[in-house]
Amino acid sequence: MRTQIYIDGQWLNSQSDAYFDVINPATEEVIHQLPSGCEKDIDLAVAAARRAFDDQGWPQTTGQQRAAYLRKIADLIQQNSDDLAKLEVLDNGKPLAEAQGDIADAAGCFHYYANLAEQLDEQPETQIQLTDERFNCYVVNEPVGVVGAIIPWNYPLLMAAWKVAPALAAGCTVILKPAENTSLTALELAAFADEAGLPAGVLNVVTGQGSTVGHALAAHEGVDKIAFTGSGAVGSSIMSQAAQDIKRVSLELGGKSPFLVFDDCDIEAAVEWIMFGIFWNKGEVCSATSRVLIQDSIYTKVLTRLVAETKKIKIGNGLDEGVLLGPLVSKKQLDTVDQGVKRAQQVGAQLLTGGQRAAQFDKGYYYEPTILVDVPLDSEAWNEEFFGPVVCIRPFRTEQEAIANANRSKYGLAAAIMTQDSIKAKRVAQKLRAGIVWVNCSQPTFTEAPWGGFKQSGIGRELGPWGLASYLEPKQITTYMSNQAWGWYIQP
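What counts, and at which threshold
Residues numbered from 1 in each chain as written. Predicted model: local features only at pLDDT ≥ 70, side-chain atom pairs only at ≥ 80, totals over all residues. Heavy atoms only, no water. Helix = DSSP H or I, 4+ residues; strand = E, 2+ residues; numbered from the N terminus. Rg over C-alpha atoms; globule rule 2.2 N^0.38 Å. Buried < 20%, exposed > 50% of the residue type's maximum accessible area, 1.4 Å probe, protein only. Contact = heavy atoms within 4.5 Å. Areas by Shrake-Rupley, 256 points an atom, 1.4 Å probe, with all protein chains shown as cover. Pairing = 2+ DSSP bridges. Axes fitted to C-alpha atoms, helices over the stretch in contact; angles between N-to-C directions. Patch = residues over 30% accessible without salt bridge, like charges linked within 9 Å, V, L, I, M, F, W, Y side chains within 5 Å. Salt bridge = Lys/Arg side-chain N within 4 Å of Asp/Glu carboxyl O. Core = buried A, V, L, I, M, F, W, Y, C linked by side-chain atoms within 4.5 Å. Arc of directions from axis to C-beta. Expected span 1.5 Å × (residues − 1). Polar contact = N/O pair within 3.5 Å; in protein donor to acceptor, adjacent residues only side chain to side chain. Phe/Tyr/Trp six-rings, centres within 6.5 Å; stacked < 30°, edge-to-face > 60°. Lys NZ or Arg CZ within 6 Å of the ring centre and 35° of its normal. pLDDT = per-residue confidence, 0-100.

Participant: Help me understand the overall build of the protein chain in this model?
Facilitator: Scanning the protein chain from N- to C-terminus turns up 15 helices and 22 strands. Relative to a compact globule of 492 residues, whose C-alpha radius of gyration would be 23 Å, the protein chain shows 24 Å and is just as compact. On the principal axes, the C-alpha backbone points of the protein chain span a range of 85 × 55 × 40 Å. Taken over 492 residues, the protein chain has a buried fraction of 54%. Across the protein chain, every contact between residues at least 6 apart in sequence was considered, and the portion connecting residues at least 24 apart equals 73%. Of the roughly 20700 Å² that the protein chain leaves accessible, carbon and sulfur atoms contribute 49%.

Have a look at this one:
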């Protein structure tokens, strides 16, 4: 495990000379210490990124050249996938099988954006047909500049890939600030970039507290764009800071995603997808379908099956065989979830199962998978994220009622529908105010498709060509084609 930050192609100690503990959430043991970065580290990192962008030619490299670096990084991720997956488990607590999937997806993300980088060479400019034939106009896409990428702790390496890969593909330089809870694999990514021969300053990684390192990065006048994934409160703060010098921002924020279960669905499939939608990654998922609306005619049947299957979920250390639910990422998160469930019960929500710290563990931040019903529509539990394995369920009678309650949220990241009626599915999907709608499933995510939400779930899109476009600026270049003077001031 790395013990230094990575700036300008070098491994350095933080100028703060301070460190923070890395805690294994399964055992509560301190397993490592990492540098607690400071403003001076960010100054160094931004200066390195600016040199690489402004003076050392990174934006002038071809898409093919950038693709070669991205593929080398992808290959190194794949070659070290077993070790990386175990690091993710030690750092985040998720089950090993989930971590293995995340690492494979991260490698795939770098491969995908390598392909898109090459495609930038195929069409370096777009000709614009003007109404005035005396002028020729074309548009080129240029990298936005120096990017500050601030990522969350729920998918550590994958979230880094979602930002770093398209930014590098576009020709940007990056300062990556990983979550303080889960920084281990971000430093490994820096090591892979170094091994791949990525020029100094193109990727820099600074660990530390969000209130220090994240704040300094978001406020730095040398940064052209901030790409952030995390809470709405922090996103709002970053947006305010960025407004001071009109930085570009992309924000992927919270959600309280609805899942509409209609009475013509396959009940067993519905139960499986409800569980996947909320218990995958311990519910620490911004798009988790944590508000479930079930049509009243099948409400009791679905709940009976859901409770029975939820009680079978094996909780434990993510490295143990057969574990499907690991510990939450930190004691703070465990307390947040537990207190939220207690407040929900105080305002009338009924607990069907779970609702407490898993009693069979002396150590570790384990929380039982939890089902709440009769959750008031105006309650915190129905309207705000738990960011844990807690699902809130209510019945509905009509399609119109279900859609209204689904859209009754300040968030709009994702939504899901269970029905065997394809016409109904399309009709409902079009009425749901969400950036992602899943039909007869929940949570599948593909690098090729856009990711992002409506309303307070964020600004902009990641993944697919949309993710690349968010790191590019279109530039218009217009030429006067006549050999004669324009003739406005000087007559020809």
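Participant: So what exactly am I meant to see when it comes to the environment of S287 here?
Facilitator: On the secondary structure map, S287 appears in the loop between α9 (267-279) and β13 (291-295). Looking at S287, the relative accessible area reads 1%, which means it is buried. Measuring from C-alpha to C-alpha, the distance between S287 and P258 comes to 9.4 Å, with 29 residues separating the pair along the chain.

Participant: How should I be thinking about the sheet that holds strand β5 (residues 126-128) in this particular structure?
Facilitator: Reading across the sheet, the three strands line up as β5-β6-β22 and stay open at both edges, with antiparallel pairing between neighbours. Each edge of the open sheet carries a strand with a single partner, namely β5 and β22 (472-480). Ignoring which end each strand starts from, the neighbouring axes of this sheet average 30° apart.

Participant: Would you take a moment to explain a nonpolar patch on the surface for this structure?
Facilitator: Together, W486, W488, Y489 and I490 make up an exposed nonpolar region whose accessible area comes to about 630 Å². Note that I490 resides in the segment after β22.

Participant: What's the story with the nonpolar core in this structure? I'm lost.
Facilitator: Counting 107 residues, the largest nonpolar core has I77, F110, Y113, L176, L189, V261 and I393 as its most contacted members. Among the elements that make up this core, the one with the highest residue count is helix α5 (residues 156-170) (12 residues). Contact partners of I393, with chain neighbours within four places excluded, come to V292, I294, Y299, L303, L306, I371, L372, V373, D374, V375 and W382. Of all hydrophobic cores here, the second largest spans 27 residues; its members include V341, F386, V390 and V428.

Participant: Looking at this structure, I do not really get helix α13 (residues 399-407). What am I missing?
Facilitator: Side chains three or four residues apart in an α-helix point the same way, a direct result of the helix having 3.6 residues per turn. By the burial criterion, the buried members of α13 are E399, A402, I403, N405 and A406. For α13, the buried positions fall inside an angular range of 170° around the axis, keeping them on one side. For α13, the elements touching its buried residues are β12 (258-261), β13, β16 (390-396) and α14 (422-431).

Participant: Mind showing me how you'd approach helix α2 (residues 63-79) here?
Facilitator: Here α2 is 17 residues long and its end C-alpha atoms lie 24 Å apart, about the 24 Å a rise of 1.5 Å per residue gives. Contact partners of the buried residues in α2: α3 (81-92), α4 (96-122), α5 and α6 (184-195).

Participant: Can you help me understand the side chain of E462 in this one?
Facilitator: Structurally, the position occupied by E462 is in the loop between β21 (458-459) and α15 (464-469). Within the structure, the side chain of E462 is placed 2.8 Å from the side chain of K163, a separation counted as a polar contact. Here E462 is in contact with W162, K163, T229, E252, A449, P450, W451 and G467, once residues within four sequence places are set aside.

Participant: I'm lost on the pattern of salt bridges in this one. Help?
Facilitator: Opposite charge on two side chains permits them to pair, given that their charged atoms come into close proximity. Within the structure shown, the criterion is met by 24 salt bridges. Ionic pairing is found between K475 and E142, a salt bridge with its closest N-O pair at 3.0 Å. Placement of K475 in strand β22 and of E142 in strand β6 (residues 135-143) is noted, with a sequence separation of 333 residues between them. Shared partners join several salt bridges into a network, and the residues in it are E268, R305, E309 and K312.

Participant: Just to check I follow, could you spell out the packing of aromatic side chains for this structure?
Facilitator: Between two aromatic rings, the relevant description is the distance of the centres plus the angle of the planes. Under the definition given, this model contains 13 aromatic pairs. Considering the side-chain rings of Y480 and W486, the 5.6 Å spacing of their centres and the 85° angle between planes classify their relative orientation as edge-to-face. With a relative accessible area of 28%, Y480 lands in the partly exposed category. Three or more aromatic residues joined by ring pairs make a cluster, and in this case those are F135, Y480 and W486. Sitting over the face of the ring of Y471, K225 holds its NZ or CZ atom 5.0 Å from the ring centroid.

Participant: How should the confidence of the model for the protein chain be read in this particular structure?
Facilitator: Regions with low pLDDT carry predicted coordinates that are not meant to be interpreted in detail. Mean pLDDT over the protein chain works out to 97, with 100% of the residues at or above the 70 mark. Across the protein chain, the element-wise mean pLDDT spans from 94 in helix α8 (residues 232-243) up to 99 in strand β8 (residues 173-177).

Participant: Help me understand the environment of E384 in this model?
Facilitator: By the element assignment, E384 lies in the loop between α12 (380-383) and β16. Between the alpha carbons of E384 and I238 there is a distance of 20 Å; along the sequence they are 146 residues apart. Here E384 is in contact with K256, K410 and Y411, once residues within four sequence places are set aside. Polar side-chain contacts of E384 include one of 2.8 Å to the side chain of K410.

Participant: Would you explain unusual backbone geometry in this entry?
Facilitator: Outside of glycine, negative phi angles account for most residues, and trans bonds account for most peptide bonds. Within the chain, N440 stands out as a residue other than glycine whose phi angle is a positive 60°. In this structure, N440 sits in the loop between β19 (436-439) and β20 (454-455). Of note in the backbone geometry, K455 takes a positive phi value of approximately 50° without being a glycine. Of note, K455 is situated in strand β20.

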